[in-house]
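In case you want the letters, here they are:
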Amino acid sequence: MTTTLPRSAASALALVVASVLTAAPAWAQQQDARAPREWAPNDPTRPRPPIVDPGRPLDADPAGRVPSDAIVLFGRGDLSRWTSNGEEAKWKVGDGWFEVVPGTGNLATRDSFGDVQLHIEWAAPSPPQGTGQDRGNSGVFFMGRYEVQILDSYMNETYADGQAASLYGQHPPLVNASRPPGEWQTYDIIFRRPRFDADGKLISPAIVTVFHNGVLVHDHAEMFGPTAHMARRPYEPHPDRLPLVLQDHGQPVRFRNIWIRDLERGEPST
Ligand code: MG
């Protein structure tokens, strides 16, 4: 038995097919769908978001994946994208990882960034040594100023706004999602830089969203200002783009699989 569509349904279907066919080239254009203009709900002419492969294999970890539009800051045993005080990076590089060499100072990216999505994996030393803030301490400093704390917080007490994944000295994480020392842990962080007007007055603060081992620990948390110890530092105007910094806090914390997506520039040049 065959069924035939009523004429009105058939023409409606033809319209849908036609609109899909005519809309198809928009996918290929890959324009920025977030352009600051008003769009009518469900406007078929609205540009589609760029297509990103969410998971090409990582060099250092075949099980890992990196988005195709990310800049890989560390993949396979190479610190060429990093610097120690303007010189060649002085931290120790192993097979697919690198490690803080205490006393050599912080590591900074050679490139500068503003708004970003960052993926970083780290492991605290095992067996653990020290207690409180002296156990597996490092940190990710966005723009060299705004720290997401790295600390061995697995069965290790310290003040709430200083434990792993805290926005140091400001916001404790919503939960403690720490893994034991020696195990790889992940941070996935969305960092929005502060905005200043032409006179250097703060327009909007730094805003941070963090997942620790896949668990939400900060949801659009607003930072009070740059990171400080037992103090509140007010915002001071600074450039829109600055290096990402990893902290030498005197303990051999390890890192691997670091990639960053520039949320202000789109496709990386390399
Ligand atoms: Mg720290």
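In this convention, every chain numbers its residues from 1, walking through the sequence in written order. Local features in a predicted model are, by the rule used here, given only for residues with pLDDT of at least 70; side-chain atom pairs are given and counted only at 80 or more, and totals for whole chains, interfaces and linings are based on all residues.

A. Representation of the overall build of the chain in the model. Strands are runs of DSSP state E lasting at least 2 residues, helices are runs of H or I lasting at least 4, and numbering of each runs from the N terminus. Looking only at helices and strands, the chain features one helix and 18 strands. As a rule, residues whose C-beta atom has 12 or fewer other C-beta atoms within 10 Å are exposed, those with 20 or more are buried, and those in between are partly exposed; C-beta atoms are placed from the backbone. By residue count, 32% of the 270 residues in the chain fall in the buried class.

B. Region of interest: the nonpolar core. Counting residues in hydrophobic clusters, the biggest one holds 46 residues, and the most contacted among them are V140, V148 and V208. Of the residues forming this core, the biggest block, five residues, is contributed by strand β9 (residues 116–123). In this description, a residue-residue contact is defined by the distance between C-beta atoms placed from the backbone, which must lie within 7 Å. When sequence neighbours within four positions are dropped, the list of residues in contact with V208 reads V148, L167, I189, F191, H218, A221 and M223. Here, a nonpolar core means buried Ala, Val, Leu, Ile, Met, Phe, Trp, Tyr and Cys residues linked by C-beta atoms lying within 7 Å of one another.

C. Representation of the environment of H238. Residue placement: H238 occurs in the loop between β16 (215–222) and β17 (245–246). Look at H238 and you get partly exposed, because 15 C-beta atoms sit within 10 Å. As a C-alpha pair, H238 and M143 span 95 residues in sequence and 9.2 Å in three-dimensional space.

D. Here's a closer look at the sheet that holds strand β11 (residues 146–150). Pairing between strands requires that DSSP locate at least two bridges from one strand to the other. Pairing is antiparallel across the open sheet formed by six strands, whose spatial order is β5-β4-β8-β17-β10-β11. On the outer flanks of this sheet lie β5 (87–88) and β11, each paired with one strand and no other. The pairing of strand β10 (residues 138–142) with β17 spans two bridges and is antiparallel. If you follow F141 over to β17, its bridge partner there is V245.

E. Structural context of the environment of P181. Following the sequence through the fold, P181 ends up in the loop between β11 and β12 (185–192). On the basis of neighbour counts, which here come to 21 C-beta atoms within 10 Å, the residue P181 falls in the buried class. Residues P181 and P128, 53 residues apart in the sequence, show an inter-C-alpha distance of 6.4 Å. Setting aside residues no more than four positions away along its own chain, P181 makes contact with A124, P125, S126, P128, G136, D152 and Y154.

F. Structural view of the pairing of β9. Counted residue by residue, β9 has seven buried out of eight residues, so it is predominantly covered. Sheet topology places β9 next to β12; seven bridges connect them, and they run antiparallel. Looking at the pairing, Q117 lines up with I190 of β12. Two strands pair when backbone bridges link them, and β9 and strand β18 (residues 254–262) are joined in this way by seven bridges, in the antiparallel orientation. Across the sheet, residue H119 finds its bridge partner in β18, namely W259.

G. A look at the pairing of β11. The buried fraction of β11 is high, at five of five residues. Neither face of β11 is exposed, since Y146, V148 and I150 on one face and E147 and Q149 on the opposite face are all buried. Across five bridges, the pairing between β10 and β11 is antiparallel. Directly across from V140, in β11, lies its bridge partner V148. Counting the residues between successive antiparallel strands, the hairpin from β10 to β11 contains three residues, one of them, M143, with a positive phi of roughly 55°.

H. Structural detail: the environment of G182. Of note, G182 is situated in the loop between β11 and β12. Through-space distance from the C-alpha of G182 to that of R254 is 8.9 Å; in sequence the pair is 72 residues apart. Residues within four places of G182 in sequence aside, it is in contact with A123 and S126.

I. Layout of unusual backbone geometry. With omega at 0°, the peptide bond leading from S126 into P127 counts as cis. Structurally, P127 is set in the loop between β9 and β10. Positive phi values are uncommon outside glycine, yet M230 reaches one of about 50°. You can see M230 is positioned in the loop between β16 and β17.

J. Just the confidence of the model for the chain, in detail. Residue-level confidence of the predictor is what pLDDT reports, using numbers from 0 through 100. Per-residue pLDDT for the chain has a mean of 85; in total, 80% of the residues score no lower than 70. The model gives residues 12–33 a pLDDT under 50, and that stretch makes 15 contacts with residues more than four places away or in other chains.

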